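Architecture and fold: a report
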Amino acid sequence: PISAGTQDADERYYSPGAHERPHDRAPYRDPRIHTSGNAALAVAYLEAALLRERPKLRERATKLLERLFKDRYQAGHGLTHTDTAGGQLGDQVWGLLAAVRAHQAGPGDRWLAVALDIAQHLESVSADRELGGYFDHASQNLGRLGDPIKPLGENSIAAMALTELDVLTGEPDMPYTARARRVLASIAGLPAQYGLMAAGFARALDRLRKPFKVSSGNAQLIRAARLAHPYAVVDPNGDVRAVVCVGTICLAPVSTPAALVEAIQEVSKARA
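Bear in mind the structure is a predicted one, so any value in this text is a computation, not a measurement.

**Examining the nonpolar core**
In this structure, Leu65, Phe69, Leu96, Tyr134, Leu162 and Leu165 are the most contacted members of the largest nonpolar core, which totals 51 residues. Looking at this core, the elements that each hand over two or more residues are helix 2 (35–51), helix 3 (55–72), helix 4 (89–105), helix 5 (110–126), helix 6 (152–169), helix 7 (175–186) and helix 9 (199–209). Here the element with the most residues in this core is helix 6; it accounts for 10 residues. In contact with Phe69, other than residues within four places in its own chain, are Leu79, Gly95, Trp111, Val114 and Ile118.

Set out below in structure tokens:
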């Protein structure tokens, strides 16, 4: 289920209709597997599996992540980009978000432990200690490639993942949310240059305002929670009921989708 890299954009090949090129040789396809792209694909699979009720996509995402992390992840060292290239910022942040979402997709703490480890690696290797946010060092000695760059997209993904990680860990001082705020503050001057391409930054910023958790083992209630609010963070357990929590404050357990939606609306209004 894992996907290879890019394919050449050959105008000569793609201009005719499919029926006009049955014997033509297809453009070259890069066979290398890129960690960041596959982690992002897994995140999309997990989202579609839940919201569109397509369990096979969840199975595909699980297999993809099992293979990807087996080959590319090492505890304490983050993720590599390919079999032969070291890890880049995009690999760490998409890997972090994928691990956070994998934890939400099923019970067990394995993926949460991985997410915590990647978050620590990201901070130790890429963090801007002075202003917050993360640098992507493509090189240290090749001209402009050696300049520290703080990319908007990757930092926005990091902020989303850190916010969700904080909701899952439930630490009173909310260290990962504080880190996410510093990340977004450090790149706040960039979105005006990007227009629609800054949508990820807007989503990350909006997510900071209303973090809450839904704990349940009931697939119907979990789906109802995500349909009711796109920022609902799921903490899977073995309970057929659902509990909505904001920080250390939790509402009474509910057993129906309607009651869950009402509880989510209550906490959303309280934090608006």
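The discussion continues.
**A few points about the environment of Val240**
Assignment of secondary structure puts Val240 in the loop between strand 4 (232–236) and strand 5 (242–246). With 22 residues separating them in the primary sequence, Val240 and Asn218 have C-alpha atoms 4.8 Å apart. With sequence-adjacent residues up to four places away left out, Val240 is seen in contact with Ser216, Asn218 and Leu221.

**Observations regarding the packing of aromatic side chains**
Enumeration according to the criterion identifies 2 aromatic pairs in this entry. Relative to Tyr73, the ring of Phe69 lies with its centre 5.7 Å away and its plane at 55°, an arrangement referred to as tilted. Taking relative accessible area as the criterion, Tyr73 reaches 19% and is therefore assigned buried. Look at Phe69 and Trp111: their rings are 4.9 Å apart centre to centre, the planes differ by 85°, and that puts the pair in the edge-to-face class. Pair noted here: Phe69 is in helix 3 and Trp111 is in helix 5, with a separation of 42 residues, a long-range link. Each member of the pair, Phe69 as well as Trp111, carries the same accessibility label: buried. By the ring-pair criterion, three or more aromatic residues cluster together here, those being Phe69, Tyr73 and Trp111. Across the ring face of Trp111, the terminal group of Arg110 is positioned such that the distance to the ring centre comes to 4.4 Å.

**Quick look at a positive patch on the surface**
A cluster of basic residues, Arg52, Arg54, Lys56 and Arg60, forms a positive patch at the surface. Among the structural elements, Arg54 can be located in the loop between helix 2 and helix 3.

**Examining the pattern of salt bridges**
All told, the structure shown has 14 salt bridges when counted by the stated rule. Where Arg72 meets Asp83, a salt bridge forms, and the shortest distance between an N and an O atom there is 3.1 Å. With a gap of 11 residues between them, Arg72 in helix 3 and Asp83 in the loop between strand 2 (78–79) and helix 4 connect regions that are remote in the sequence. A relative accessible area of 66% places Asp83 in the exposed class.

**Concerning the packing of helix 6 against helix 9**
The N-to-C vectors of helix 6 and helix 9 enclose an angle of 25°; their axes lie 8 Å apart at closest approach. Considering their axes alone, helix 6 and helix 9 lie roughly parallel with respect to each other. The hand of the helix 6/helix 9 crossing is left-handed. Contacts between helix 6 and helix 9 involve Leu152, Ser156, Ala159, Met160, Thr163 and Glu164 from the former and Gly200, Phe201, Arg203, Ala204, Arg207 and Leu208 from the latter. Class assignment for the residues of the contact of helix 6 with helix 9 results in 6 nonpolar, 3 polar and 3 charged.

What counts, and where the lines are drawn
Residues numbered from 1 in each chain as written. Predicted model: local features only at pLDDT ≥ 70, side-chain atom pairs only at ≥ 80, totals over all residues. Heavy atoms only, no water. Core = buried A, V, L, I, M, F, W, Y, C linked by side-chain atoms within 4.5 Å. Buried < 20%, exposed > 50% of the residue type's maximum accessible area, 1.4 Å probe, protein only. Helix = DSSP H or I, 4+ residues; strand = E, 2+ residues; numbered from the N terminus. Contact = heavy atoms within 4.5 Å. Phe/Tyr/Trp six-rings, centres within 6.5 Å; stacked < 30°, edge-to-face > 60°. Lys NZ or Arg CZ within 6 Å of the ring centre and 35° of its normal. Patch = residues over 30% accessible without salt bridge, like charges linked within 9 Å, V, L, I, M, F, W, Y side chains within 5 Å. Areas by Shrake-Rupley, 256 points an atom, 1.4 Å probe, with all protein chains shown as cover. Salt bridge = Lys/Arg side-chain N within 4 Å of Asp/Glu carboxyl O. Lys, Arg positive; Asp, Glu negative; His and termini not counted. Charge placed at Lys NZ, Arg CZ, Asp CG, Glu CD. Axes fitted to C-alpha atoms, helices over the stretch in contact; angles between N-to-C directions. Parallel < 35°, antiparallel > 145°, perpendicular 65-115°, else oblique. Left-handed = near helix turned anticlockwise from the far one by under 90°. Nonpolar A, V, L, I, M, F, W, Y, C, P; charged D, E, K, R; others polar.

It is worth stressing that arrangement in space is one thing and function is another; only the former is reported here.
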